[in-house]
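# Architecture at a glance
Residues per chain, in single letters:
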Amino acid sequence: MLQKAILVRLLDDFAAKKATKDLGYLVAVTTLNKIGEGKVREHSGDVLFPVSFTCLSFKVFRGEVIEGVVHKILKHGVFMRCGPIENLYLSNQKMSDYQYQFADNPCFLSLKTGSRIEKDVTVRCIVIGVKYMEAQKEFQAVVGLEGDYLGPI
């Protein structure tokens, strides 16, 4: 009963915490290794248990090739999502073969291949830079299309 309560609390804490700078996004607890002896806090009466566990995490690194789904298109670039990361930015300067096309459905169009980068399209790209936003507890990344086999899938 106590182990179940501790596990539920751990999972609730996971849901509330977005990411850490060192580990990235904590996605799921895989195993609960050890629950230590509880210690009562004097003023509140709460009991703290040291817990050892392993978990699945997600963190992007510079130079890594990832796939993101476009969710916002602007004249100067597109914003994509990849897993728990909401803000991957692909600048129009980092997709030199593409030109912005304004229409009912704005997109970036490649004049060479005819491929389109539009809303809900999956794009394979390379991570140029990553920044951890301490206040929001989340990562932002700048990506590009310079390389082989990169672009809309």
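Labelled according to an unreviewed UniProt entry, the chain appears under the name DNA-directed RNA polymerase subunit, originating from Cynara cardunculus var. scolymus. As stated in UniProt under Subcellular location (unreviewed entry), the record for the chain gives "Nucleus". Reading the Function (unreviewed entry) entry of the UniProt record for the chain gives the comment "DNA-dependent RNA polymerase which catalyzes the transcription of DNA into RNA using the four ribonucleoside triphosphates as substrates."

## Observations regarding the domain arrangement of the chain
You can read the domains of the chain as domain 1 (1-58) and domain 2 (64-152). Its C-alpha centre places domain 1 at a distance of 35 Å from the equivalent point of domain 2. Listed as interface residues are seven residues of domain 1 and, on the opposing side, eight residues of domain 2. Carbon and sulfur atoms make up 70% of the area that domain 1 and domain 2 hide from each other, which totals about 770 Å². Linking domain 1 to domain 2 there are one salt bridge. Close ionic contact of K18 with E138 constitutes a salt bridge, the shortest N to O distance being 3.4 Å. Taken together, domain 1 and domain 2 are joined by four residue pairs in polar contact (both at pLDDT 80 or more).

## Remarks on the state of the cysteines
For the coordinates displayed, the defined rule picks out zero disulfides. Its sulfur unpaired, C82 is 7.5 Å from the next cysteine sulfur, which belongs to C125. The exposure class assigned to C82 is buried, which follows from its relative accessible area of 9%. With a relative accessible area of 0%, C125 lands in the buried category.

## Thoughts on the packing of aromatic side chains
As enumerated under the stated definition, the model contains four aromatic pairs in all. Seen in terms of ring centroids, Y132 and F139 are 4.9 Å apart; in terms of plane orientation they differ by 55 degrees. Their pairing is tilted. With a relative accessible area of 5%, F139 lands in the buried category. Three or more aromatic residues joined by ring pairs form one cluster here, namely Y25, Y132 and F139.

## Description of the pattern of salt bridges
Enumeration according to the criterion identifies six salt bridges in this entry. Across the pair E67 and R124 runs a salt bridge whose closest N-O atoms are separated by 2.9 Å. Remark: R124 occurs in strand β12 (residues 122-133) and E67 occurs in strand β6 (residues 65-74); sequence separation between them is 57 residues. The exposure class assigned to R124 is partly exposed, which follows from its relative accessible area of 28%. A salt bridge links E86 to R81; its shortest N-O distance comes to 2.6 Å.

## Things to note about the sheet that holds strand β2 (residues 24-35)
Strand order in the open sheet made by the three strands is β1-β2-β5, with antiparallel pairing throughout. Of all the strands in the sheet, just β1 (19-20) and β5 (51-58) have a single pairing partner and so form its edges. With two bridges joining them, β1 and β2 adopt antiparallel strand pairing. Residue pairing for β2: A19 is matched across the bridge by Y25. Of the strands in this sheet, β2 and β5 touch helix α1 (residues 2-16), which is tilted by about 165 degrees from β2.

Rules and cut-offs
Residues numbered from 1 in each chain as written. Predicted model: local features only at pLDDT ≥ 70, side-chain atom pairs only at ≥ 80, totals over all residues. Heavy atoms only, no water. UniProt positions renumbered as here; feature names shortened; annotations may be inferred. Domains from an automatic or database assignment. Contact = heavy atoms within 4.5 Å. Buried area = accessible area lost by both parts, 1.4 Å probe. Salt bridge = Lys/Arg side-chain N within 4 Å of Asp/Glu carboxyl O. Polar contact = N/O pair within 3.5 Å; in protein donor to acceptor, adjacent residues only side chain to side chain. Disulfide = S-S within 2.5 Å. Buried < 20%, exposed > 50% of the residue type's maximum accessible area, 1.4 Å probe, protein only. Phe/Tyr/Trp six-rings, centres within 6.5 Å; stacked < 30°, edge-to-face > 60°. Helix = DSSP H or I, 4+ residues; strand = E, 2+ residues; numbered from the N terminus. Pairing = 2+ DSSP bridges. Axes fitted to C-alpha atoms, helices over the stretch in contact; angles between N-to-C directions.

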